[in-house]
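If you want the building blocks of each chain, they are given just below.
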Amino acid sequence: MALEDRTAQPSPVLVEHRGSLTLLTLNRPDKLNSFNEAQHRALKAAVDAAAASDTCRAIILTAAGRGFCAGQDLSDRVRPEGGTAPDLGETLEKFYNPLIRAIRAMPKPVIAAVNGVAAGAGANLALACDLVLAGRSARFVQAFSKIGLIPDSGGTWMLPRLVGEARAKALTMLAIPVPAEEAERIGMIYRAVNDDTLMSEAIALGEALAKAPTRGLAETKQLLQQAFTHSFDQQLDGERDAQRRLGRSADYAEGVRAFMEKREAAFRGQ
Ligand code: T3D
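The rules behind these values
- Residues numbered from 1 in each chain as written.
- Predicted model: local features only at pLDDT ≥ 70, side-chain atom pairs only at ≥ 80, totals over all residues.
- Heavy atoms only, no water.
- Helix = DSSP H or I, 4+ residues; strand = E, 2+ residues; numbered from the N terminus.
- Buried < 20%, exposed > 50% of the residue type's maximum accessible area, 1.4 Å probe, protein only.
- Areas by Shrake-Rupley, 256 points an atom, 1.4 Å probe, with all protein chains shown as cover.
- Lys, Arg positive; Asp, Glu negative; His and termini not counted.
- Charge placed at Lys NZ, Arg CZ, Asp CG, Glu CD.
- Pairing = 2+ DSSP bridges.
- Axes fitted to C-alpha atoms, helices over the stretch in contact; angles between N-to-C directions.
- Parallel < 35°, antiparallel > 145°, perpendicular 65-115°, else oblique.
- Left-handed = near helix turned anticlockwise from the far one by under 90°.
- Contact = heavy atoms within 4.5 Å.
- Nonpolar A, V, L, I, M, F, W, Y, C, P; charged D, E, K, R; others polar.
- Near = heavy atom within 4 Å.
- Polar contact = N/O pair within 3.5 Å; in protein donor to acceptor, adjacent residues only side chain to side chain.

Trainee: Give me the lowdown on the overall build of the protein chain, citing residues and values where you can.
Mentor: Of regular secondary structure, the protein chain possesses 10 helices and 10 strands. Along the first, second and third principal axes, the C-alpha atoms of the protein chain reach 70 × 65 × 35 Å. Expressed as a percentage of its 270 residues, the buried residues of the protein chain come to 43%. Summed over all atoms, the accessible surface of the protein chain reaches about 14600 Å², with 55% contributed by carbon and sulfur. Where the 33 positive side-chain charges of the protein chain centre and where its 32 negative ones centre are 2 Å apart.

Written out as structure tokens, the structure reads:
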């Protein structure tokens, strides 16, 4: 009989496939799912696998326990007075930036189901997702200023665009916690929902998106993201090119046929 390995660590990220929907669950609940290297590596590998998968057509990112993610695990950052300072730029270069870039480049929709507090890089990880649902007890905290850092993981780019520069400066400089309902009201997230229906609503949304014309959603996502830095003319050109590509897709042909035949379209993500 095989002996149980009592030293085995639980996986820091759980991956579940429900048909074309992939659920990724941060799984360090006793640390409020804050990031250490193992969680970074596991999440990036799972995100890359979802991006490359032909089966996966939508992703939900959520977390175990009472929190979504408290950002960097600060217990990995404690040093004695006079000790050598860590190179935080290296951590961003190696872990946080590739993760955020992968989510923004993901050619399928990513839903964040924020089940509790999202702080520091954890807040900005959620905001990098395409649709953010949050339980009413969740809150978003740009905690960085409390430890002398800047809002990373895309926070300085995303926040002023979502909530305006004035509010972004207040939320970041004062580290004001934003409850889920307030986050919805100011346009920071898509919707606040009851805690006990968060996962069922996220899954319903994910299943609907997983049946949608995936290539069209991917082109929509990229065009909307580029809109912040492109001119109107560049955007018109981008729309022309995307529409040209999509006009040749199987899902477009199916969508038009289904409309004419007054039936539900059966999109295959192709
Ligand atoms: O370092 C680099 O590589 C650069 C990249 C940086 C990215 C970043 O994310 S920097 C920002 C890091 N995060 C924070 O500063 C957030 C720190 N945490 C908090 O502000 C609060 O804990 C929360 C707002 C997240 C939650 O508050 P609350 O009152 O609900 O819970 P709590 O009691 O403060 O925390 C519960 C436990 O989790 C507690 O441990 P204990 O006392 O039960 O043993 C607390 O120490 C621990 N915890 C919370 N956040 C972290 C953490 N432990 C390690 N790292 C954390 N980030």
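Having seen it, we continue.
Trainee: So what about the sheet that holds strand 10 (residues 191-193)? Which residues, and what values?
Mentor: Strand order in the open sheet formed by 6 strands is 1-2-3-5-7-10, and the pairing between neighbours is mixed. In this open sheet, the two edge strands, each paired with only one partner strand, are strand 1 (13-18) and strand 10. Adjacent strand axes in the sheet meet at a mean angle of 20 degrees, parallel and antiparallel pairs treated alike. Alignment of strand 2 (residues 21-26) against strand 3 (residues 58-63), held across 6 bridges, turns out to be parallel.

Trainee: Residues and numbers for the packing of helix 3 (residues 121-128) against helix 4 (residues 155-163), please.
Mentor: If you want to describe how two helices pack, look at the angle between their axes and the distance between the axes. Look at helix 3 against helix 4: their axes get within 10 Å of each other, and the N-to-C directions meet at 60 degrees. With respect to helix 4, the element helix 3 is oriented oblique. Regarding helix 3 and helix 4, the two cross each other, and that crossing is left-handed. Contacts from Asn 124, Leu 127 and Ala 128 of helix 3 reach helix 4 at Gly 155, Met 158, Leu 159 and Leu 162. Here the contact of helix 3 with helix 4 is built from residues that sort into 5 nonpolar, 2 polar and no charged.

Trainee: How would you summarise the site of the ligand if you had to cite specific residues and measurements?
Mentor: Neighbouring the ligand are 22 residues, the closest being Ala 70, Gln 72, Leu 74, Arg 77 and Ala 121. In the environment of the ligand, a nitrogen atom lies 2.8 Å from a nitrogen or oxygen atom belonging to the backbone of Gln 72. With respect to the ligand, the side chain of Thr 91 contributes an N or O atom lying 3.1 Å from an oxygen atom. Of all the secondary structure elements, the ones that give two or more residues to the shell around the ligand are helix 2 (88-105) and strand 6 (117-119). Top contributing element to the shell around the ligand by residue count: helix 2, with 4 residues.

So far we have only geometry, and geometry alone does not tell us how the molecule works.
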